[in-house]
Amino acid sequence: MEPYRLLLGLSVFFHFDDFASTEVTCKMKAKFNLNGYKDVEKKKVIIGGMFPVHMSVASSAGNTSRLPVSSGCEGMNYRTFRWTQTMLFAINEINKMEELLPNTDLGYVIYDSCFTISKAVEGTLTYLTGQDEAVPNYRCGTGAPLAALVGAGGSDLSIATARILGLYHFPQVSYSSTSSALNSKFQFPTFLRTIPNDIHQSTAMAQLVLHFGWTWVGTVAADDDYGKYGIKDFKEQVEEAGVCIAFSETLPKVNSPEDIERIVQTIIESTAKIIVVFSSDVDLSPLVLELIRQNVTNRTWIASEAWVTSALINRPGVSSVLGGTIGFGVKRADIPGLKRHLLDLDPYADPLTEEFWEKLFNCTLDYGKALRSAKERAKAFNGTMSKAVEVVLGGLCTGSESLAQLNNTYSDVSQLRITYSVYKAVYAVAHALHNLEHCKAGQGPFIGIGCADITEFEPWQLMYYLKNVRFNVPHTDEEVYFTDGDVEGFYDIINWGVDSNGEIAYVTVGHYNGSVAPEHRMTIRNDSIVWNNEASEPPRSVCSENCMPGTRKGIRQGEPVCCFDCIPCVDGEISNMTNARECILCSGDHWSNDAHDACVPKIVEFLAFGDPLGITLIVISTFGALVTFAVAVIFALHVGTPLVKANDALLSFSLLFSLMVTFLCSIVFLGEPQHWSCMTSQVALALGFALCLSSLMGKAALLMLRAQAMKAARAKAKAASKAAKAAAEAAANSGGPDVIATNTTNLNDVAARVKPDSLTFAHQRAIAAVATLIQAFACTVWLILLPPYPVKNTSAQNIKIILECNEGSVVFICCIFAYDILLALLAFVFAFLARKLEDHFSEAKCVTFGMLVFFIVWISFVPAYLSTRGKFMVAVQIFAILASSFGLLSCIFLPKCYILLLKPERNTEEMMRPHDKPRDGTSTGTSVSLATSATEVNSTIASTAFDD
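What you see is a predicted model, and the numbers here were worked out from it, not measured in a lab.

Calculation rules
Residues numbered from 1 in each chain as written. Predicted model: local features only at pLDDT ≥ 70, side-chain atom pairs only at ≥ 80, totals over all residues. Heavy atoms only, no water. Pairing = 2+ DSSP bridges. Helix = DSSP H or I, 4+ residues; strand = E, 2+ residues; numbered from the N terminus. Axes fitted to C-alpha atoms, helices over the stretch in contact; angles between N-to-C directions. Contact = heavy atoms within 4.5 Å. Core = buried A, V, L, I, M, F, W, Y, C linked by side-chain atoms within 4.5 Å. Buried < 20%, exposed > 50% of the residue type's maximum accessible area, 1.4 Å probe, protein only. Phe/Tyr/Trp six-rings, centres within 6.5 Å; stacked < 30°, edge-to-face > 60°. Disulfide = S-S within 2.5 Å. 1 Å grid on protein atoms, 1.4 Å probe; cavity = no way out; pocket = protein on both sides within 12 Å on 5 of 7 lines; lining within 4 Å. Points joined across faces, edges and corners; volume = space filled by probe spheres on them. Nonpolar A, V, L, I, M, F, W, Y, C, P; charged D, E, K, R; others polar.

### Some words on the sheet that holds strand β6 (residues 146-150)
Step number 1: Strand order in the open sheet formed by 6 strands is β1-β5-β2-β6-β7-β8, with mixed pairing between adjacent strands. Whereas interior strands pair on both sides, the edge strands pair on one side only; in this sheet they are β1 (36-39) and β8 (191-193). Ignoring which end each strand starts from, the neighbouring axes of this sheet average 25° apart.
Step number 2: Note: strand β2 (residues 45-51) against β6, 3 bridges, orientation parallel. Residue pairing for β6: Gly-49 is matched across the bridge by Val-150.
Step number 3: This element, helix α3 (residues 117-129), spans β2, β5 (106-112) and β6 of the sheet and lies at about 175° to β2.

### Structural notes on the nonpolar core
Step number 1: If you look at the biggest cluster of nonpolar residues, it comprises 102 residues, and the most contacted ones within it are Met-87, Phe-234, Ile-302, Phe-328, Val-429, Leu-433 and Phe-457.
Step number 2: Considering every element that reaches this core, the biggest residue donor is helix α14 (residues 418-437), with 13 residues.
Step number 3: Contacts of Ile-302, omitting those with residues within four sequence positions, involve Met-205, Leu-208, Trp-214, Ile-274, Ile-275, Val-276, Val-277, Trp-307, Ile-326 and Phe-328.
Step number 4: Residues Leu-685, Leu-693, Tyr-819 and Ala-880 belong to the second largest nonpolar core, which totals 53 residues.

### Side note on the packing of aromatic side chains
Step number 1: Counted under the stated rule, the structure contains 31 aromatic pairs.
Step number 2: Considering the side-chain rings of Phe-81 and Phe-356, the 4.3 Å spacing of their centres and the 20° angle between planes classify their relative orientation as stacked. Placement of the pair is Phe-81 in helix α2 (residues 78-95) and Phe-356 in helix α11 (residues 351-361), with a sequence separation of 275 residues. Neither Phe-81 nor Phe-356 differs from the other in exposure class; each is buried.

### Digging into the state of the cysteines
Step number 1: All told, the structure shown has 9 disulfides when counted by the stated rule.
Step number 2: The residue that forms a disulfide with Cys-244 is Cys-562, at a sulfur-sulfur distance of 2.1 Å. Across the S-S bond linking Cys-244 and Cys-562, the dihedral sits near 90°, which makes this disulfide right-handed. One end of the pair, Cys-244, is in strand β10 (residues 244-251); the other, Cys-562, is in the loop between β19 (551-555) and β20 (564-568), with 318 residues separating them in the sequence. Accessibility classification places Cys-244 together with Cys-562 in one group, the buried group.
Step number 3: Each sulfur in the disulfide pair Cys-439 and Cys-451 lies 1.8 Å from the other. On the sign convention where negative means left-handed, the S-S torsion of about -65° between Cys-439 and Cys-451 marks this disulfide as left-handed.

### Some remarks on empty space enclosed by the protein
Where empty space is left becomes clear once a probe the size of a water molecule has been rolled over the atoms.
Step number 1: Taken as a whole, this structure holds 5 cavities of 30 Å³ or more when the rule is applied.
Step number 2: What the largest cavity holds in volume is close to 210 Å³.
Step number 3: In this structure, the largest cavity is lined by 22 residues; those nearest its centre are Phe-115, Gly-154, Ser-176, Ser-280 and Ala-306.
Step number 4: Of all elements in the fold, only β3 (54-57), α2, α4 (155-167) and α8 (281-294) reach the threshold of two or more residues within the lining of the largest cavity.
Step number 5: When residues of the lining of the largest cavity are assigned to their parent elements, the largest contribution, 3 residues, is made by α2.
Step number 6: Residue classes in the lining of the largest cavity are distributed as 8 nonpolar, 9 polar and 5 charged.

Below is the structure:
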């Protein structure tokens, strides 16, 4: 019952005229319309072939009133017709060989796939069935066994046929299907190819783009597996390397002027100068025509192997648009005898050749057909029959036309690349059959069977030999073998140049071998490439220009990563490479240069001895010290004179010594800071000013007390003078003859009767010593606990490292110099209170002016010090020290030196005493006793002024 059930199911599709008959006749419900070549009579083995001789299928009327017939084909492709003839040539060549299949005559069945999947499927089913009508699951024909299928052209066609052939374990050897989708041996177990896998080509294209530094490219792909998978693999590799895709367009399979126009507009509007195209020549041709029409130039095209040498693309006027194209072509070879075979074509051999002949020469070989066509045209134009006969004779082919005189794609054998791949595919099948036929009994590869019979082998048996075949191609000696169904990925890198006639010339400028190490895969001669621009240099294709060192890439929101802004690195940061993503922060001792592309050591700054400013300060400091020393020498030479004695020589020398210390300590501030110099400079300055200011304070205190005493004495003398004047007036009024009115009373002399013995020179010295010791103690504690030390200040100025002294403790240094300020304030107050002490020298005024200069200098110093950095800060401090020291030296000692050196006559005890101030009016005495009293007062003042 099972056979009947099976037959019942099959009857849905097939009609059996006589089921009981021993000869089964299989019929399909529709008829296939296939064109091709067939030679199976008296042949031992049949090889199938499938070629896209036509470009598309013709439109169908869709009539269902009769038996359905598949559509016919239109648009003959001369290039693929040459491939078909190459297979015929290879089979004839093999049949003539003595060393290859000497006992086996090969036949062939070749169908036209019309570059469409439906026709490829029709041919595959017909091929498997063995009849002109296909019956799935059954081989209804008899005769020679089927060997393998050579084809089926494009990748999408091969995918369709490989799925069917894989079900029946029929070998398939493709000559032009490169798609990586065919890699899967699970889906396509019997598929092999003599053309490299597109994985190699996609990698080669990606390396070419990276080789020239293009980061902004457009892509165009055919709407089939070849284009989709090829572009997909290319995109994955370039995007991983940082290249961006400006646009990605898909060519329509059915001609659509609107889609083509839109793609051309995208290309025109895009800033990408590099366009990668994965497409067949048939699919690309409409786009090229539109590009030529709109004259789209200044683009460089990267071509896949399917169109890089296609005459369908290389048409007149294409050089301005596609000139400079770089593409990858499969191996090229010269095949001796092929050109003669192509030219010796018999136009009457079969319908396909007849159609080729008529298309090529634009005529017809059928007289009746030509006559009918001429009558129709004559009738349309109201012509006569004689005119129609003339038209017929003019449009007839003789069949003897010369193909050699035509320079077209069919007869052009200068770029045999896919043609050579067809040639290798036929020979691969032949060598596999040869190995199968010459299998030695008992040494066969098949379990339980041993060897296969060449007259009735199974397809899977031939598949074993095909997978393991290894042979050298005739005339080229290239070794061919399959690794997982693929051959090695070798390509010629082809550049579209222009010859002397203005036509495209294919120039090989390099090679790519995907089977070697990555670093050795591509070799290219850049200087041999002709570019489609005026500069004769590789075009630049970037969304944004490279960010040079010193800048970083700033991402533009919403745009690809290749579109960016170049943002300069901020001060202190650098980028030392092109297209840096981030700027690098320089270390603490380094800073960015002006270009921000390198970190350079910061300028180390300190006020050096050899610096012009340092030399100037040294000269001034030395000059001040020498002047101070000279004053000391002058005082030493005049130590016994009243002027020096009146000012306590020891206190004067201590004051000069302190001023010399302050002058010389400013030199210690110069040079590179060291531990000893940091401690010495600050301590010497603090102690020097402490000794100086405490000495001045002692002097000012003495002067203040003297002024206060004299003020009190003057008050008493004034009262005594008034009493004497009253007594004189009373005596005068009494008429006594012995009363004489004289001016005998001096108020200043009377005031001197009060003696300021409460503060002597010894007290002054004690004040200076104690005040200085207090400062010395504080400095000692400072140096022991938190001494100053040298530091590198990297934060004050970005580009400099300032070598300076750290005070160690801000509290200590503030207290120490606040103490000096306290001494200065006390000295100033004491001197100011004694400023009206009237003598010829007026030392209180000198001290007052000296302290005013001191305060003015240091008050001005503070803002100047805080507003400067580096060595100028040190210079400001030294200038303040020198200015204040010179101020004190000048105000206090310059008047004394003037008297000692230039006015020695004033250096007397009389001149050192207080003197009368000029007054209006006079005083009169009333008796000699008043004169005597005045004399005693003067004596008292003199003794008071100099009893120290």
